[in-house]
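# A look at the structure
As a plain string of letters, each chain reads:
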Amino acid sequence: MKHALTVIAISTALAAGTAQAQTTTVPPTGEPRAGRYVAGLGGWTFGDKGSQFFGVEGGFAWTPDLDVFVEGGRVRDAAGQGIHDAANIVATGLARIQPGVIVETRQPAVFFGGGLRYRLRLGHSRAEPFLLGGAGFSRVEQDVTFLAGGTDITGTLDQWGVVLGTDLSGSFTAGHIVAGGGLVMPFGRQTFLEVSYRLMRIFAEDEGITANRGGLGFGIRF
Amino acid sequence: MNRFPAVCALAVLALAGAVAACGRKSPVAPSEAGAAAGAASPLTASVGAPRPLAPAAGAQIRNADQPVTLIATNGFSTKPGAVYTFEVATDAAFATKVQTKENVQESGSGKTSVQLGALAAARDYYWHVRSTAGGTTGVFSQTFKFTIGPAVSLGAPSPIAPLNGSQTGARPTLRVGNVSRSGPAGALTYVFEVATSSAFTTVVASATVPEGAAETGFELPADLPANTTFFWRAAASDASSGVAGPPSAAQSFTTSLAIDLARVVYLRGPNLSTWKQTGRIIAIDQDGSAAANGYMCISFTDPGWPGAKWIYGGDDPNFEIFANQWYFANINGIWYAGAGEWLYRGGGTCKAGQGTRTIGPDSGFGEPFTSWVPRVGELVGYAVTASARALPQMATVQERTDVVLYPWHDTSIQPFHGQTVIEFAR
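Here goes a summary of the coordinates provided. (Residues numbered from 1 in each chain as written. Chains lettered and ligands numbered in written order. Predicted model: local features only at pLDDT ≥ 70, side-chain atom pairs only at ≥ 80, totals over all residues. Heavy atoms only, no water.)

## Quick notes on the overall build of chain A
If you tally the helices and strands in chain A, you get 2 helices and 12 strands. In sequence order, the secondary structure elements of chain A are arranged as α-β-β-β-α-β-β-β-β-β-β-β-β-β. Within the span of chain A, comprising 222 residues, buried residues form 49% of the whole. In chain A, of all internal contacts separated by at least 6 residues, the share reaching a separation of at least 24 is 69%. A total accessible area of about 9,900 Å² is found for chain A, and carbon and sulfur atoms account for 62% of it. (Helix = DSSP H or I, 4+ residues; strand = E, 2+ residues; numbered from the N terminus. Buried < 20%, exposed > 50% of the residue type's maximum accessible area, 1.4 Å probe, protein only. Contact = heavy atoms within 4.5 Å. Areas by Shrake-Rupley, 256 points an atom, 1.4 Å probe, with all protein chains shown as cover.)

Structural data, given as structure tokens:
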């Protein structure tokens, strides 16, 4: 959690410093800028497990170089190594009774958070790189399925002498931090495309979950 | 002045703080933090039930084998530090639990066990086990039933013979009165021990024999050293219940007149110390008086020794003998012996001519046996062997009875005032 605080503090300090230094700065392009935006994002996650994600982000310009944003979305499977290890322990134990037990694990995560986006200037280019940092909450679902001979026995595990804990069932909510960067490419007067990479670290209780989100987005400024 | 950006920045900071706080859902006091670090986790473990191993289902356990140890094959859990709960009940539904053992640490050996306290005898019991780990209590395992056998108690045998201070031969028969018992005892056995000290630290002979009708005896299978004091005792045991009773009071005896077959001087016939004992003397009936023709009856269990063709001629060319009587005389502290009268099947076990003044001279054994005249009451040794007097021509098998000592009788010198036939108890 110290890392999260550090990232947030640095981001905030950076944002504040930049805001103070550039409060009078005019965008080099000289184009009028809309103060708010909303964008849809989607893409792939990689890290502990490869998957997909989608989400929505919105924000406004706090200063000419700094946006405040909020985001929400869903990662289809953010499963970390911890749930795999725990599920395999159970599957191995079950296999002692019934050979051929296999287990499938997924950890879908719904996330919501916010943060700051710092826009970098590239001369007169319309493309606009940015760095971002933020924090939020994720609700992670423990989706574990045990199969014996192809039959789902997850619902009858008590008959096999197994009781699943919350490490392999239910869901939990944990804080997360996010950091990353990307490139905004405006087209038209209000629309833009975005390519971004965001490292999201969910502070699950037993073992953190890392989701590297690389995606594309389409947005509108207004 | 638009304050909205500042409010949003504060909101971001608040959000970050909240995220930081979210890192621990179960806050602990500072004093507890060290102990709880790494252990306090809101995600509970998944656990799999242990499996009962022993006592196996349907096991019959003798009451004497208590305390019972329950052994379970370890279950599994996704977090370490599992503890087990064992329950024992007198009904399969565990409505009447008689013992519960909780917080039994899981063993690293793969099997976790716990020793029970005493259980009442002659009852059925049911047991199961479950594990708890990482905040999750698992389900109980399948239930195993076992039965504790009935309670049996045995008394101490009462020594009959030889009692303290007795003089015996080399192979005395140890006899005890059967023990008292309570409970449904099975077939009893008795362990006899012979030792050189009353502490029984050096046991020179021991045997387990089945219980007799009213008394139980044990005949030593090998000769004890002569002129030595020994101690003996016996204890009963019931294999079915596993109960062993207390030993009898130790008794002593001395083999003062024992015959050491390896040290006997054999004047006629082979050294019997290497012959296998396959028969035993049942009774001696003897009278050295001339009026009684010096009869000598040595009855014995007939092991079925084969016959040896008679080589000294006669009317019947198929005549065979199968045994010889043997006489042992202690002359000046040395035992002398020889093969005597022939025995043939159908001819009985009594022989004449073994009078007080004829047994020596007529033996043909040679000196000093030839000059030997037994005194009334003098202990004389007797045995019967397979054909042994005309070896190797009439050799069959190298087998014999035991050698017994019996006081010489001569009614012409001293009339009997008691038992004339000694039956050797077994």
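## Remarks on the pairing of strand β6 (residues 128-141) of chain A
Moving residue by residue along a regular strand, the side chains alternate between the two faces of the sheet. Residues and elements named next belong to chain A. Of all 14 residues in β6, 10 are buried; the element is thus mostly enclosed. Sheet analysis places strand β5 (residues 109-119) next to β6, joined by 11 bridges and oriented antiparallel. Note that in β6 the partner of R117 across the bridge is L132. With 14 bridges joining them, β6 and strand β10 (residues 171-187) adopt antiparallel strand pairing. (Pairing = 2+ DSSP bridges.)

## Considering the pairing of strand β6 (residues 83-89) of chain B
All names here are of chain B. Summarising burial for β6: 7 of the 7 residues are buried, a large majority. Alignment of β6 against strand β9 (residues 123-133), held across 7 bridges, turns out to be antiparallel. What sits directly across from A89, in β9, is Y126.

## What to know about a nonpolar patch on the surface
Residues and elements named next belong to chain A. A contiguous nonpolar patch, built from V38, V56, M185, F187, L193, V195, L216, F218, I220 and F222 and spanning about 850 Å² of accessible area, is present on the exposed surface. Broken down by element, the residue count for the nonpolar patch peaks at 3 residues, all from strand β12 (residues 209-221). Of the residues examined, V38 reaches a relative accessible area of 36% and is grouped as partly exposed. (Patch = residues over 30% accessible without salt bridge, like charges linked within 9 Å, V, L, I, M, F, W, Y side chains within 5 Å. Salt bridge = Lys/Arg side-chain N within 4 Å of Asp/Glu carboxyl O.)

## A few points about helix α2 (residues 81-97) of chain A
The terminal C-alpha atoms of α2(A), which comprises 17 residues, lie 25 Å apart, in line with the 24 Å expected from a rise of 1.5 Å per residue. In this structure, the buried side of α2(A) is in contact with β4 (101-106), β7 (143-148) and β9 (162-163) of chain A together with β5 (76-77) of chain B. (Expected span 1.5 Å × (residues − 1).)

## Side note on the sheet that holds strand β2 (residues 51-63) of chain A
Each strand in a sheet pairs with its neighbour through backbone hydrogen bonds, running either in the same direction (parallel) or in the opposite one (antiparallel). All names here are of chain A. Spatially, β1-β2-β3-β5-β6-β10-β11-β12 is the arrangement adopted by the 8 strands of the closed barrel, whose pairing is antiparallel. For this sheet the average axis-to-axis angle between neighbouring strands, irrespective of direction, equals 25 degrees. Bridge count between β2 and strand β3 (residues 66-75): 10 bridges; the pairing is antiparallel. If you follow V56 over to β3, its bridge partner there is G72. (Axes fitted to C-alpha atoms, helices over the stretch in contact; angles between N-to-C directions.)

## Considering the sheet that holds strand β2 (residues 51-54) of chain B
Residue and element names in this part refer to chain B. Spatially, the 3 strands line up as an open sheet ordered β2-β4-β8, and their pairing is antiparallel. A strand with exactly one partner marks an edge of an open sheet, and here the two such strands are β2 and β8 (111-115). Across this sheet, the average inter-strand angle for adjacent strands is 30 degrees, counted without regard to direction. As judged from the 3 bridges shared by β2 and strand β4 (residues 69-73), these two strands associate in the antiparallel manner. By the bridge assignment for β4, A54 is matched with I71.

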